[in-house]
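Summary of structural features
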Amino acid sequence: MVSYWSSALVPQSVMFRLKPMNARGPMTFSGKSQVVGTDAGFWVATLSNFIVRTPDHIREWRALVADLQGGLNDLVIGAFDCKQIPRVDGLPVVIRSPFAENGALVDGPWTSRNSIRVSANGAASMRSTTLVLEVGQAGPLKKGMYFTIRTLIAGVLVPRMYMITREPEVVGSKATVRFLPPLRHAVDAGADVDFTNPEVAMNLSSDDEGELDIRMRRFSSPSLNLQESWNGLS
């Protein structure tokens, strides 16, 4: 079961990082120990001091945390990283238009589309750490940026988040990026690569996460510790 984080609940402090999966041997008399990497790591996050100020906030928090059942169910949550995305100069991130993609005038609500458009230029196998991107429209791609690729699993689009770790090699509209963690699933040519709203499937890191200590019956500043979901991974 998958829950989706509410945009009404915003943390004041955000920490996402890749936690290495290293094994360390015993320390020698010189103070050194051998380190062996068992895998490339997984996402962990600490989201602190959420602004909970209204009855709606309190109910939303209670329901979401209860629905996650202490890490049993998945939570799709964004990285709260909008300041780092590759914005296009002079354009909003989301463009609203009275015209459809074919240029016809829309009879009803305006259409919306992202001004940042990036896709996979070719297919990539699971556990790859390099991908060639086709940049339709975006600002400069830089190391340290997050992106998300979604995979359909049992009828649900599951997001997996990655981070560019080296400066991209750009030739024309193509950008070769190196990233971590390794691809959790194979990627098809033309697959959407989302830099606009990087998000990831996570779980509560313990059964006690999400405690809501309410002050004066109305205020709270709760925090959450999360770790990447392994559901659907082989």
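Figured I'd write up the structure that's included with this text. (Residues numbered from 1 in each chain as written. Predicted model: local features only at pLDDT ≥ 70, side-chain atom pairs only at ≥ 80, totals over all residues. Heavy atoms only, no water.)

1. Comments concerning the side chain of Thr151
Heads up, the condition is: Each helix is a run of DSSP H or I of at least 4 residues and each strand a run of E of at least 2, with the numbering of both proceeding from the N terminus. Only protein chains enter the accessibility calculation, which uses a 1.4 Å probe; a residue whose area is less than 20% of its type maximum is buried, one above 50% is exposed, and one in between is partly exposed. Between two residues, a contact is recorded if the distance between any of their heavy atoms is within 4.5 Å.
Within the secondary structure, Thr151 sits in strand β9 (residues 146-153). Its relative accessible area of 18% is what places Thr151 among the buried residues. Aside from chain neighbours lying at most four places away, what touches Thr151 is Val156, Leu157, Val158 and His185.

2. Here's the deal with the environment of Ile214
Take Ile214: it is sitting in the loop between β13 (199-204) and β14 (224-228). A C-alpha to C-alpha distance of 19 Å links Ile214 and Ser13, two positions 201 residues apart in sequence.

3. Topic: the pattern of salt bridges
The cut-off we apply is this: Within this document, salt bridges are pairs made up of a side-chain nitrogen of Lys or Arg and a carboxyl oxygen of Asp or Glu, the two lying within 4 Å of each other.
Applying the stated rule across the entire model yields six salt bridges. Notably, a salt bridge pairs Arg160 with Glu228, separated by 3.8 Å at the nearest N-O pair. Separated by 68 residues along the polypeptide, Arg160 in strand β10 (residues 156-164) and Glu228 in strand β14 bring together distant segments of the chain. Each member of the salt-bridge network shares a partner with another, and the members are Arg150, Asp194 and Glu199.

4. So, the sheet that holds β13
In a beta sheet, neighbouring strands pair by backbone hydrogen bonds and run either parallel or antiparallel. Keep this limit in mind: Here a strand pair is declared whenever DSSP counts at least two bridges between the two strands. Here an axis means a line fitted to C-alpha atoms, over the contact stretch when the element is a helix, while the angle between two N-to-C directions is reported on a 0 to 180 degree scale.
Judged by pairing direction, the sheet is mixed, and its six strands sit side by side in the order β1-β4-β13-β14-β3-β2 without closing on themselves. This sheet does not close on itself; its edge strands, each paired only once, are β1 (2-4) and β2 (11-24). Sheet twist, expressed as the mean angle between neighbouring strand axes with direction ignored, is 40 degrees. Looking at chain direction, β2 and strand β3 (residues 35-50) are connected through 12 bridges and run antiparallel. Following the sheet pairing, Asn22 is matched in β3 by Gly37. Across the face of the sheet, helix α1 (residues 55-68) comes into contact with β1, β3, β4 (74-78), β13 and β14 while running at roughly 160 degrees to β1.

Nothing here speaks to function; it is geometry throughout.
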